Amino acid sequence: MALRNWRERIDCLLKHEHFVEALSLAWSFHEGTAKAVVGLFGDPVKRKGVVGDKMVEILFQFAEHALKKCPEQGKIQVMEQHFHDVVPVLVDYCLLLKRTDLMFNQLYSRLVENMVAKGVFLESLESYIVADRLGHLTTPIMKDLLAHYHGNGMMDSLERCIVHLDVTSLDIQQVVQVCWENQLYDAMIYVFNSSMNDYITPMEKLFAVIGPPLRAGRGLTDEEVVMGNKLLVYISCCLAGRAYPLGDIPEDLVVQVKNQVFEFLIRLHSADSLEEEEVFPFIRTLLHFDTREFLNVLAMTFEDFKNDKQALEYQQRIVDILLQVMVDNPDFTPSQVGGLFTFLARQLAKPDNTLFVNRKLFDQVLEFLCCPDDDSRHTERQQVLLELLQVGGVVQFNEERLLALAENAKFYQICEFLYEKKHLYDRIIDCYLRDPLRKGEIFSYIHNLMSMPGYSPEEKQMVKDKGLQHIQELVTLDPSKSADLVVFHYAKEVQQIISELQDDQLLFKFLNCLLEPREGHHSGTNLPLERDLHELLLGLLCRFAPQQLLSFLQTSQHYRLEEAIQITQKYHHNEATAYLLEKKGDVHGAFAVLLETLKEKLNLLTAEGDRGVEGDGRLNKEESDSESTLTRVTDSLNDIIALCHRSSDNLYQQQREVLWFPLLETMMASQKLVKGLNAEHTFEVLKELTMKVLNCMSSFISLPAIIQRILQDPVYGKGKLAEIQGLILGMLDTFNYEQTLLETTTSLLNHDLHWSLAHLRAAVTRGLHPRQDHCNICLQQYKRRQDSAEEIIVFSCGHLYHFQCLQQKDSGWGFTSEVQQRWSCYKCSSSQRGRGGLSTETKRGRSTSLAQTRVTSVYHDAGAEAHRKKVVVDATLDLQQEQSWDQLRCLYRGPSRLSILSELAHCRSNEKTGLLIPAQPGSEIFQLKLSPPPLLEE
């Protein structure tokens, strides 16, 4: 019943041409994965047979439908896409049903009628072949496959298919010819190996291509290089028992193939050899193609030789041939020969070594590599010999003779290798210093050896002494690294090192690096006689780098002031001398030095202005010199003004005048001199500089004193007022500007202060509104208790208390003194303490009172007329008012905020003081007592 139902379902799908869904449904029934099949009675084999036949019928219908529905016209891509939707489904279900006969015969014979369908079918086979789901093709299909892939240039796909197929049924001659013509070497090798068990013919074919150009000394093409690489990999696979390009050689053929390959390699001549062919052509070809890789192939092969006597004989035979071919052969480079002996040294170093190599050959190659007359390939020959020694070849040589040859050939790395083996570490320093390629590494070597464990104190001392002997050479090589080395390891020998550095320029570079500030572990290293070193460097800076003087004097703290002053005075560096005098505290001395420098530059400027214009009025070449002199004058004036500024705050009025007036007189005198030299530009610049001096000194010296000094000056005293009109008008303009600025600023500050105080007063005088009409402790309404006079306290949080009730709860909540009373809300303080235990003095919330109102309620006997009584009200600031004060204080910073701050302190001293108000019904009187702060002080 279930089977019939599924047939009906499939027929329904076929009726609507849903072939793919029908095949999927039938396959699920075939495999028993459909829901209706679970628990179904019947023979599973019979069911599979019936369903399989039905699926075959569907496949035929699907193929016929695809051929009929194929668009006959249009783009070829549309037709290909049509069959790409059909053919892979047909192939896939044929393989699932294991009906390759159906696929290769009936279906293929039907699809071959359409050329597009045929091509899609053949191309679809590739994925199944590569995945090893299809390993055998019939002869006609294989023939069509070769023709189609070859005709469409799909040679890579063809090669991938061939190496996965059973080639016993192929036309070997045709396949080999196609592979060789299209460089499908992997497929060609696979066909020979798989179909004929022939592992030698592929090598002969490849050697025939790459051998002649290598023997002729020509370069190989890219195609020939690919062939050579494949040949090396193929030989390696054969000797290791692996099939090429994938899989393994049958176990019964492994030994046979290995012996065949060895016999082939050691052939004396090739099959079609000519008379001029050299012996062992195949080994020669591989050595010329890639010596290192061929030796690596042999090394990997020799690893597997254990107790195989035949293989050991082949190993010895190949080694003998290698020596015979390469030694004393000018066709091979030192690198190739060295690679051979490195390979031999590795083999001889093995514990189970059975190879025999004549030691004289090692001596011979040593002579060849260390030939001092051959400067070609020097680095290559040294590297080859070093590699040979590192793999154990040193046991094959006489070390004394090896060392002598290496020194003679200037193989300093070889010498280092031998010295290190003998623990002669001090002699390695000479190797680094003589080697032009590794000179810079000597600093790291000395530092590492002196710092690392594993070396005896005697060895380290020998290296240290050796480095000290070559210290001048090291400093010349790199002063910075030499200074680091001295800081780490030669701190006690600094004086000796300085005495050995004869060149002052070299000494300056060394000291400059040695005394520069350092970071890290040795930032605080103390050198012996450090003050003397800094003063010595100071003198060298004066000679070789005066532009660095001020920076050095400002950063260094290790020189003595008196000695430093003497050094800078000796070399006439006035700016540095002035800095030191100011640092010493001699401001007038520093001023005198800078003023003298300014006068010298002004005199130079005056001299240049005298000759700056030729008779015809054109600027001569000295105009640029005048500009540079003006720049130097400006810089010098800025320096002296900065000195006067720094010093004036600490001087009396008379002492300030001693600084500023000589500077002003100097500038006015130079301005007067230049005015008569017809140098308008220079005069204008000096005029601006003089005004700059006046503006700067007006901050420290009164205006009348400045004007009086100008009028008393002999330069201007006898002249007309017009000569000093510019100076006086400039001073007056500056005065007017500053006066206007001060008045405007004061007006703005007063306006802002008035606005802030008005808002503050409004905030302070606002009323308090109780939340309830009863006491929050006794819960009785305060208006109903008329038996006695009592006071009521209202907090800014809105809570209300009887004074007696709050006083009874005063354990930690309030206190009374003769001067003032301070209270905090009992209810709010209780909740705050319960949450965090914070006191009202440390944390103030909205429920904690900053401004409290204390109300006094007075009642007489029943029926008595209530009377009013005015009381004095004291007020402090709550949180909002406190923030207002803080904002106001931030707005006005400077001397004019002193009044505000003092008033703010007064307000804070009255903080938390209650307001006393008579609490008679309908007769409450509130009177605020608050003294607003005065306006800002001028």
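Before reading further, recall that the structure is shown in the block above.
Scope of this entry: the structure provided in the associated data block. Since the structure is predicted, the reported quantities are computational estimates derived from the model, not experimental observations.

### Structural notes on the overall build of the protein chain
The helix and strand tally for the protein chain stands at 43 helices and six strands. For the protein chain, the proportion of its 938 residues judged to be buried stands at 45%. Considering only contacts in the protein chain between residues 6 or more positions apart, those separated by 24 or more positions represent 65%. Accessible surface for the protein chain amounts to roughly 49,600 Å². Of this, 51% is attributable to carbon and sulfur atoms.

### Section: helix α6 (residues 100-111)
Taken as a whole, α6 has its buried residues at L102, M103, F104, L107, Y108 and L111. Buried positions along α6 lie against α3 (44-68), α5 (87-96), α7 (115-130) and α8 (139-151).

### Remarks on helix α28 (residues 504-514)
Among all positions of α28, only L506, L507, F508, F510, L511, C513 and L514 are buried. Where α28 is buried, its residues meet α25 (471-477), α26 (479-489), α27 (494-500) and α29 (530-544). The distance from a side-chain oxygen at the start of α28 to the backbone nitrogen of Q505 is 3.1 Å, and the residue carrying that oxygen is D503.

### Things to note about the pattern of salt bridges
It is possible for side chains of opposite charge to pair when their charged atoms get near one another. The final tally for this structure, using the stated rule, is 25 salt bridges. A salt bridge links D186 to K230; its shortest N-O distance comes to 3.1 Å. Here D186 is found in helix α11 (residues 185-196), whereas its partner K230 is found in helix α13 (residues 222-240), with 44 residues between them in sequence. Accessibility classification places D186 together with K230 in one group, the buried group. Residues R560 and E563 are paired through a salt bridge, measuring 4.0 Å at the closest nitrogen-oxygen approach. Residues joined by salt bridges that share partners form a network here, namely D532, E535, R560 and E563.

### Some words on unusual backbone geometry
In this chain, Y244 is followed by P245 through a cis amide linkage whose omega measures 5 degrees. Mapped onto the fold, P245 is located in the loop between α13 and α14 (254-265). The backbone of K98 sits at a positive phi, close to 55 degrees, despite the residue not being glycine. Relative to the helices and strands, K98 resides in the loop between α5 and α6. For K98, a relative accessible area of 74% puts it in the exposed group.

### Points about the packing of helix α22 (residues 425-434) against helix α23 (residues 442-451)
With their axes 10 Å apart at the nearest point, α22 and α23 run at an angle of 165 degrees to one another. The orientation of α22 relative to α23 falls into the category roughly antiparallel. For the pair α22 and α23, the crossing hand works out as right-handed. Seen from α22, the contacting residues are Y425, I428, I429, Y432 and L433; seen from α23, they are I442, Y445, I446 and L449. Split by residue class, the contact of α22 with α23 holds nine nonpolar, no polar and no charged.

### As for the environment of Y425
On the secondary structure map, Y425 appears in helix α22. In this structure, the C-alpha to C-alpha distance between Y425 and K460, residues 35 residues apart in sequence, is 8.4 Å.

### Considering the pairing of strand β1 (residues 790-794)
Where burial is concerned, most of β1 is hidden: five out of the five residues are buried. Across the two faces of β1 the burial is the same, with E790, I792 and V794 and E791 and I793 all buried. Two elements, β1 and strand β2 (residues 800-802), share three bridges in a ladder whose sense is antiparallel. Following the sheet pairing, V794 is matched in β2 by L800. Hairpin connection of β1 to β2: five residues between the antiparallel strands, including G798 at a positive phi of 100 degrees.

### Thoughts on the packing of aromatic side chains
Scanning the model with the defined rule gives 17 aromatic pairs in all. With 5.2 Å between their ring centres and 15 degrees between their planes, F19 and F62 make a pair best called stacked. Highlighted residues: F19 in helix α2 (residues 19-31) and F62 in helix α3, separated in sequence by 43 residues. A ring pair is formed by W660 and F700, whose centres lie 6.0 Å apart and whose planes are at 15 degrees; its orientation type is stacked. On the criterion of sequence distance, the pair formed by W660 in helix α35 (residues 653-675) and F700 in the loop between α36 (680-697) and α37 (703-712) is long-range, its members being 40 residues apart. Grouping residues by exposure puts W660 and F700 together as buried. A network of ring pairs unites the aromatic residues F207, F264 and F282 as a single cluster. Sitting over the ring of W180, K205 keeps its end group 5.4 Å from the ring centre. Seen from the ring of Y432, R438 lies directly overhead, with NZ or CZ sitting 4.5 Å from the centre.

Thresholds, definitions, all that
Residues numbered from 1 in each chain as written. Predicted model: local features only at pLDDT ≥ 70, side-chain atom pairs only at ≥ 80, totals over all residues. Heavy atoms only, no water. Helix = DSSP H or I, 4+ residues; strand = E, 2+ residues; numbered from the N terminus. Buried < 20%, exposed > 50% of the residue type's maximum accessible area, 1.4 Å probe, protein only. Contact = heavy atoms within 4.5 Å. Areas by Shrake-Rupley, 256 points an atom, 1.4 Å probe, with all protein chains shown as cover. Polar contact = N/O pair within 3.5 Å; in protein donor to acceptor, adjacent residues only side chain to side chain. Salt bridge = Lys/Arg side-chain N within 4 Å of Asp/Glu carboxyl O. Axes fitted to C-alpha atoms, helices over the stretch in contact; angles between N-to-C directions. Parallel < 35°, antiparallel > 145°, perpendicular 65-115°, else oblique. Left-handed = near helix turned anticlockwise from the far one by under 90°. Nonpolar A, V, L, I, M, F, W, Y, C, P; charged D, E, K, R; others polar. Pairing = 2+ DSSP bridges. Phe/Tyr/Trp six-rings, centres within 6.5 Å; stacked < 30°, edge-to-face > 60°. Lys NZ or Arg CZ within 6 Å of the ring centre and 35° of its normal.

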